[in-house]
Amino acid sequence: MKKTKPSWAAFVGEGNKRREKMIEENERILPKATHEERKKQEVKRKGKLKTLAGKLLKTVVGGKQTVEKAGTEDVAGNLLKRPTSRKGVERETPAEETIRRFIEQGKFLEACDQIHHLEHSGNDSLGKSESLYALLAERMWTIVGEALSGSDRRLLEPLQSVGESLKWEKQKEAEWLGNSLETESVSTWSPNFWRKDLEEKLMQYMTAQIPLFGSSTNTDETALKQHLSHLETAFLPSLEHRSDVFKEAGLLVTYARCCHASLCSHLASLCDSNCFSFSQTLLIYEWIIKMYKSGSQACVRAGHSPQHSLSLGAQCLVWILLRTEEKLLAIARKEVGKALKEAFDIGKPPRADAAVIEILTEKTEAARRVSESLSEKVEAECLEECLRFLESYEDEIRSFLQLDDGPQICSSLQILENCCILRTVWRKLTYICSVSTEQNVKVNGFLHRMEDDIMEHFLQTTTSKVKGTLNAYFKKFDSDFGHILESLKQSFLTFRKKKTAIYEALVEAVNAIIITEYMQALLTTPRKPSAMQRRRIVNKIEEDHRMMQTIFKECLGPAAASLKDPIKAILELIQTSDPEGMKIALLPILKEFPDLRKEHLSAVLDIKDSLSREDRAALLKVFQDNCRESETEANLLFADIEVKPRKYGLCGCLCC
């Protein structure tokens, strides 16, 4: 009989640490007894072996130094590693010699019968049957290793004997249990572990044939495609080629099961890699479906395998397919969440709505090319992740607005732009994706609250900035009012490019704030101005009015014509030279701004240069005769402007 090849023996005993993780995964995949039960059985078997080996060693000539220097476990192990050495042991019986000869000749079934007869003959007081079973198993695995490493047809007969021995073991175990013998004795019987040991040897070999992926830095999609192609064109055909001899030996079911397990274990390790992107994991998913549909998952051609073997392969691939799908959905959630966070990072310029939609739909489209059902699941995960992002984004905005220094005008406007973009994106998604009513209600709720909070904060910030700039404005004539208007214009023009629905309403609200604060500053000048100061104030009003008109026309276009303009009306009033013309100019002001009070008009007339006491009194009388209370809340520009009484004469003239 051909001796064991050194390469197989070295491979079996090397204990390669690099593959330990994959082997543990393989054991878990195989549908056998649990590992805990296996460990208990091994402990019991080893204990029995120790006892029997100790008894046997007591008869060894000159063995006293061995017994004294070595532990029982080491001696038992050395005994099992000496398949043909009988030096120093008492003379073997003819039955033992016959058993050893059968083992050496590869006639394992005959050896099984002889060992079993010895075991139950009552002449095995030294427990030699256990050592013979161990020797038999060692020789069987050597034959299996040689069959895997080469294609020598002379190995077919001993390999068939391996298969027959495994059937013999199952038969004896069934007989043993059928005779109601002790279950514990069955569980510790050496041949009871043969099938599991065979699977381990096959798994070790098959795992070693799979090239490792990810050991280098080249783990991109191209490298992954090449790796999967190698599995399909080299690894699987190689195992399929060797399946013929195992089929003839009656071991095809076990062989195919180990093939499935090793492949599934490798695919599972690939999917568990944290360095893979969505597109890479989708490549693995697509490849598994391809294997499932083509039938290559059986590792052997359908005509070469029984139906139950093929169904087991399908079960393995379905299991790994579901596992890969879970990983794929998790990666989709992670990547979408990260992309949304980067796209709407507070303090950075907003992204275009098309770019955001691509973030939420590109994975769905990629999955649809593989499987329609998968694309539906990916779409659902992306939408749910969008909801989770909006919830966290709302909290982030609230925290940002509560900062002590607070965001600047441009920062608030950028956040408001983000909310508008999100609203546009979601509206488009409702047409592209299968959005539920519940999801739509939640998203609109998030967006409404965020827009309201940001709008309120933005307008408050704008009011504060303008108010601070116009403080004592008509006394010092030196402030950043023009700079604020220019900054608002640039922000608005950028915002307008987003084509948001609230743009015009926002600009109109800011216009109302600026007009109100400007009139507040004008009408609450703290002291009576001189003639030179009055002329300077009028010139400044004209300059500011032109600048405001230019800015808001540029921001609103034709819609700016509908804005209320009390500054223009005031200018027309105080720039009219004759008293009768002033009376005519006053009437439209009273009609457009019914909340104008007498003290407001008096403060405006203070700015008018060279106005006599009689003309002033006549204008105040016209106001008295034509003023009326406002019936609505609209255009209440002057209602909140408080004008302090002047220090000069009670009659209101300028000469007292």
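Residues numbered from 1 in each chain as written. Predicted model: local features only at pLDDT ≥ 70, side-chain atom pairs only at ≥ 80, totals over all residues. Heavy atoms only, no water.

A. Looking closely at the overall build of the protein chain. Looking only at helices and strands, one finds 27 helices and zero strands in the protein chain. Taken across its 656 residues, the protein chain has 47% of its residues classed as buried. In the protein chain, 77% of the contacts between residues at least 6 apart in sequence involve partners at least 24 apart. For the protein chain, the exposed area adds up to about 33700 Å²; of that, 50% sits on carbon and sulfur atoms. (Helix = DSSP H or I, 4+ residues; strand = E, 2+ residues; numbered from the N terminus. Buried < 20%, exposed > 50% of the residue type's maximum accessible area, 1.4 Å probe, protein only. Contact = heavy atoms within 4.5 Å. Areas by Shrake-Rupley, 256 points an atom, 1.4 Å probe, with all protein chains shown as cover.)

B. Geometry of helix H25 (residues 579–592). When the terminal C-alpha atoms of H25 are compared, their 21 Å separation across 14 residues agrees well with the 20 Å that a helix rising 1.5 Å per residue should span. Among all positions in H25, only Gly581, Met582, Ala585, Leu586, Ile589 and Leu590 are buried. Lining the buried residues of H25 we find helix H24 (566–575), helix H26 (598–607) and helix H27 (613–626). (Expected span 1.5 Å × (residues − 1).)

C. A look at the nonpolar core. In this structure, Trp194, Phe246, Phe492 and Met519 are the most contacted members of the largest nonpolar core, which totals 177 residues. Every residue in contact with Phe246, bar those within four places of it in the chain, is listed here: Val144, Ala147, Leu148, Leu159, Leu202, Leu251, Leu252 and Tyr255. (Core = buried A, V, L, I, M, F, W, Y, C linked by side-chain atoms within 4.5 Å.)

D. The packing of aromatic side chains, seen in detail. Under the criterion given, the structure shown has 13 aromatic pairs. Ring plane angle 85 degrees and centroid distance 6.4 Å describe the contact between Phe492 and Tyr503, whose orientation is recorded as edge-to-face. Linking Phe492 in helix H21 (residues 481–496) with Tyr503 in helix H22 (residues 503–523), this pair joins segments that are 11 residues apart in sequence. For the pair Phe492 and Tyr503, a shared accessibility class is recorded, and that class is buried. Pairing Phe593 with Phe638 gives two aromatic rings, centres 5.7 Å apart and planes at 85 degrees, and the pair type is edge-to-face. Of this pair, Phe593 sits in the loop between H25 and H26 while Phe638 is found in the segment after H27, placing the two residues 45 residues apart along the sequence. Taken as a pair, Phe593 and Phe638 share a single burial class, namely buried. The structure contains a cluster of three or more aromatic residues connected by ring pairs, namely Tyr473, Phe474, Phe481 and Tyr518. (Phe/Tyr/Trp six-rings, centres within 6.5 Å; stacked < 30°, edge-to-face > 60°.)

E. Seen up close, the pattern of salt bridges. Enumeration over the complete set of coordinates arrives at 26 salt bridges. Of the charged contacts in the structure, one is a salt bridge between Arg388 and Glu385, with a shortest N-O distance of 3.0 Å. Pair noted here: Arg388 and Glu385 are both in helix H17 (residues 372–401), with a separation of three residues, about one helical turn. On the accessibility criterion, Arg388 (38% relative accessible area) is partly exposed. Judged by relative accessible area, Glu385 falls into the buried class, the value being 13%. For Arg449, the salt bridge is made with Glu394, and the minimal N-O distance between the two is 2.8 Å. Highlighted residues: Arg449 in helix H19 (residues 437–469) and Glu394 in helix H17, separated in sequence by 55 residues. (Salt bridge = Lys/Arg side-chain N within 4 Å of Asp/Glu carboxyl O.)

F. Region of the structure containing the packing of H21 against H22. Interaxial distance between H21 and H22 falls to 11 Å at its minimum, and their mutual angle equals 170 degrees. With respect to H22, the element H21 is oriented roughly antiparallel. Counting all contacts with H21, which are made through Phe481, Leu485, Leu488, Phe492, Leu493, Phe495 and Arg496, the residues of H22 involved are Tyr503, Leu506, Val507, Val510, Ile514 and Tyr518. Per-class residue counts for the contact of H21 with H22 are 12 nonpolar, no polar and one charged. (Axes fitted to C-alpha atoms, helices over the stretch in contact; angles between N-to-C directions. Parallel < 35°, antiparallel > 145°, perpendicular 65-115°, else oblique. Nonpolar A, V, L, I, M, F, W, Y, C, P; charged D, E, K, R; others polar.)

G. Highlighting a negative patch on the surface. Taken together, the side chains of Glu110, Asp113, Glu157 and Glu164 define an acidic patch exposed on the protein surface. Looking at the negative patch, the elements with two or more residues in it are helix H7 (108–119) and helix H9 (156–178). Looking at the secondary structure, you find Glu164 in helix H9. For Glu164, a relative accessible area of 39% gives the class partly exposed. (Patch = residues over 30% accessible without salt bridge, like charges linked within 9 Å, V, L, I, M, F, W, Y side chains within 5 Å. Lys, Arg positive; Asp, Glu negative; His and termini not counted. Charge placed at Lys NZ, Arg CZ, Asp CG, Glu CD.)

H. Quick look at a nonpolar patch on the surface. A contiguous nonpolar patch, built from Tyr292, Val318 and Leu322 and spanning about 260 Å² of accessible area, is present on the exposed surface. Turning to its location among the elements, Leu322 is positioned in helix H15 (residues 307–343).

I. Here's a closer look at the packing of helix H12 (residues 221–248) against helix H14 (residues 278–294). Where H12 meets H14, the closest approach of the two axes is 9 Å, and the angle between their N-to-C directions is 20 degrees. The orientation of H12 with respect to H14, classified from their angle, is roughly parallel. For the crossing formed where H12 meets H14, the hand is right-handed. Contacts between H12 and H14 involve Glu221, Leu224, Lys225, Leu228, Leu231, Glu232 and Leu236 from the first element and Ser279, Gln280, Leu283, Ile284, Trp287, Lys290 and Met291 from the second. In terms of residue class, the contact of H12 with H14 is built from eight nonpolar, two polar and four charged. (Left-handed = near helix turned anticlockwise from the far one by under 90°.)

J. Representation of the confidence of the model for the protein chain within the structure. When the pLDDT values of the protein chain are averaged, the result is 77; 75% of them are 70 or greater. Across the protein chain, H17 holds the top mean pLDDT of 92, while helix H5 (residues 72–80) sits lowest at 38. Scored below 50 in pLDDT, residues 52–89 shows 31 contacts in the model against residues more than four places distant or in partner chains. Counting contacts from residues 296–312, a segment whose pLDDT is below 50, to residues more than four positions away or on other chains yields 35 contacts. (pLDDT = per-residue confidence, 0-100.)

K. Geometry of the side chain of Arg242. Topologically, Arg242 is positioned in helix H12. The side chain of Arg242 is buried and forms no salt bridge, while Asp244, the nearest opposite charge, is found at 11 Å. A polar atom in the side chain of Arg242 sits 3.4 Å from the side chain of Tyr205. Beyond its immediate stretch of four places on either side in the chain, Arg242 contacts Ala147, Leu148, Ser149, Tyr205 and Tyr255. (Polar contact = N/O pair within 3.5 Å; in protein donor to acceptor, adjacent residues only side chain to side chain.)

L. Focus on the environment of Leu573. Structurally, Leu573 is set in helix H24. Look at Leu573 and you get buried, because its relative accessible area is 1%. The contacts of Leu573, once residues within four sequence positions are left out, are Met582, Ala585, Leu586, Ile589, Leu601 and Val604.

M. Up close: the environment of Met582. Locating Met582 in the fold gives a position in helix H25. Here Met582 falls in the buried class, since its relative accessible area comes to 1%. As for Met582 and Glu572, which are separated by 10 residues in sequence, their C-alpha atoms are 8.3 Å apart.

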